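# Topology and contacts: notes
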Amino acid sequence: MITEQEVLQMLTESGAISKGHFILSSGRHAEMYVQCARVLEDPRRAEILGKALAICVKEKVDRVISPILGGILIGHEVARALDRPFLFPERGSNGEFCLRRGFTLNPQERVLIVEDVVTTGQTTEEILALLADNETQPVGLVAIVDRSSSHVVEGMSVQSLIQLDFSNYSPEECPLCAKGISAHRPGSRAKEVQAQLS
Ligand code: ZN
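Presented here is an overview of the structure given in this document.

### Some details on the overall build of the chain
- Along the chain, the regular secondary structure elements total six helices and eleven strands.
- Its C-alpha atoms give the chain a radius of gyration of 18 Å, near enough to 16 Å, the size a compact globule of 198 residues would have.
- Projected onto its principal axes, the C-alpha positions of the chain cover 55 × 40 × 30 Å.
- Counting all 198 residues of the chain, 46% fall into the buried class.
- Contacts in the chain between residues at least 24 apart in sequence constitute 59% of all its contacts with a sequence separation of at least 6.

Right, here's the structure in full:
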């Protein structure tokens, strides 16, 4: 079994964890940022993490599902380790998750949800709604990184390889902004933008 320290080392070495001054998609500011795509960039690391998550699963699983886009690589690795089929939902014209490409969920199937990072649990809730619509049974939620504060989403406990609890701040109370350090949006093509000081 892989240790949390080994996972942390993998995330750090691959550049999946960066330190700096970031504007999160929520608009809040943070000193650290996680981009799991960087650790999954290395297929061997993806395989190791997928196997480690598969070991966490004690329930019988018929099918594995992951949200687009970030969850697909690790979901597929977990499905490989469990020797089960993998599928992913996409957003329809109404913005809600739906199944395309001929993917189907059969009633009463036992479905494992795999994500790269769980933060607010909002994506998980959307997946759960899709599973409910298809009368399937969610049997667990596993993620490489758990950033949720409660470690529970919709009554399901998050099983993760590492829990990372980063502080984040509103721009008004951000200590990095107070020092005049410029902030940027990770993943954005935009040049570094000066953090708003209010
Ligand atoms: Zn800031």
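### Focus on the pairing of strand β2 (residues 29-34)
- As paired strands, strand β1 (residues 17-23) and β2 are joined by five bridges and run antiparallel to one another. Note on β2: the bridge partner recorded for Ile23 is His29.
- Hairpin connection, β1 to β2: the antiparallel pair is bridged by five residues, and Gly27 has positive phi, about 95°.

### Overview of the packing of aromatic side chains
- With the rule as written, the count across this model stands at three aromatic pairs.
- Between Phe22 and Tyr33, the ring centres sit 5.8 Å apart and the planes meet at 40°, which makes this aromatic pair tilted. With a gap of eleven residues between them, Phe22 in strand β1 and Tyr33 in strand β2 connect regions that are remote in the sequence.
- Just above the ring of Phe97 sits the side chain of Arg91; from NZ or CZ to the centre is 4.3 Å.

### Let's talk about the packing of helix α3 (residues 43-56) against helix α4 (residues 71-82)
- Packing of α3 against α4 leaves a shortest axis separation of 8 Å and a crossing angle of 60°. Compared by their axis directions, α3 and α4 come out oblique. Seen from above, α3 lies across α4 with right-handed handedness. Touching Ala46, Glu47, Leu49, Gly50, Lys51, Leu53 and Ala54 of α3 are Ile74, Glu77, Val78, Ala81 and Leu82, all from α4.
- For the contact of α3 with α4, a count of residues per class yields eight nonpolar, one polar and three charged.

### Focus: the nonpolar core
- In terms of nonpolar packing, the biggest core is built from 36 residues, with Leu11, Leu49, Leu112 and Val145 touching the most fellow members.
- With six residues, the top contributor of residues to this core is α3.
- Residues contacting Leu49, with those up to four places away along its chain left out, are Val7, Met10, Val39, Leu40, Ile74, Ile144 and Leu161.
- Leu87, Ile113, Leu131 and Met156 belong to the second-largest nonpolar core, a separate cluster that totals 16 residues.

### Points about the coordination of the zinc ion
- With distances of 2.0 to 2.4 Å, the protein atoms coordinating the zinc ion are His21 (NE2), His29 (ND1), Cys174 (SG) and Cys177 (SG).
- Given four donor atoms and angles of 93 to 124° at the metal, the environment of the zinc ion is assigned as tetrahedral.
- Each donor residue of the zinc ion lies on one chain, and together they are spaced H-x7-H-x144-C-x2-C.
- When its relative accessible area of 3% is taken as the criterion, His29 is described as buried.

### Some words on helix α5 (residues 122-133)
- End to end, α5 covers 17 Å across twelve residues, agreeing with the expected 16 Å (1.5 Å per residue, within 8%).
- Along α5, the positions that sit buried rather than exposed are Thr124, Ile127, Leu128, Leu130 and Leu131. On an axial view of α5, the arc spanned by its buried residues comes to 160°, and they lie on one face. α5 presents Gln122, Ala132 and Asp133 as exposed residues on the side facing more than 90 degrees away from its buried surface.
- Looking at the buried residues of α5, the elements they touch are β3 (63-65), β6 (97-98), β7 (110-118), β8 (137-146), β9 (152-153) and β10 (156-163).

About the thresholds
Residues numbered from 1 in each chain as written. Predicted model: local features only at pLDDT ≥ 70, side-chain atom pairs only at ≥ 80, totals over all residues. Heavy atoms only, no water. Helix = DSSP H or I, 4+ residues; strand = E, 2+ residues; numbered from the N terminus. Rg over C-alpha atoms; globule rule 2.2 N^0.38 Å. Buried < 20%, exposed > 50% of the residue type's maximum accessible area, 1.4 Å probe, protein only. Contact = heavy atoms within 4.5 Å. Pairing = 2+ DSSP bridges. Phe/Tyr/Trp six-rings, centres within 6.5 Å; stacked < 30°, edge-to-face > 60°. Lys NZ or Arg CZ within 6 Å of the ring centre and 35° of its normal. Axes fitted to C-alpha atoms, helices over the stretch in contact; angles between N-to-C directions. Parallel < 35°, antiparallel > 145°, perpendicular 65-115°, else oblique. Left-handed = near helix turned anticlockwise from the far one by under 90°. Nonpolar A, V, L, I, M, F, W, Y, C, P; charged D, E, K, R; others polar. Core = buried A, V, L, I, M, F, W, Y, C linked by side-chain atoms within 4.5 Å. Donors = N, O, S within 2.8 Å, 3.2 Å for Na, K, Ca; no water. Tetrahedral: all angles 85-135°; square planar, octahedral: opposite > 155°, others 65-115°. Expected span 1.5 Å × (residues − 1). Arc of directions from axis to C-beta.

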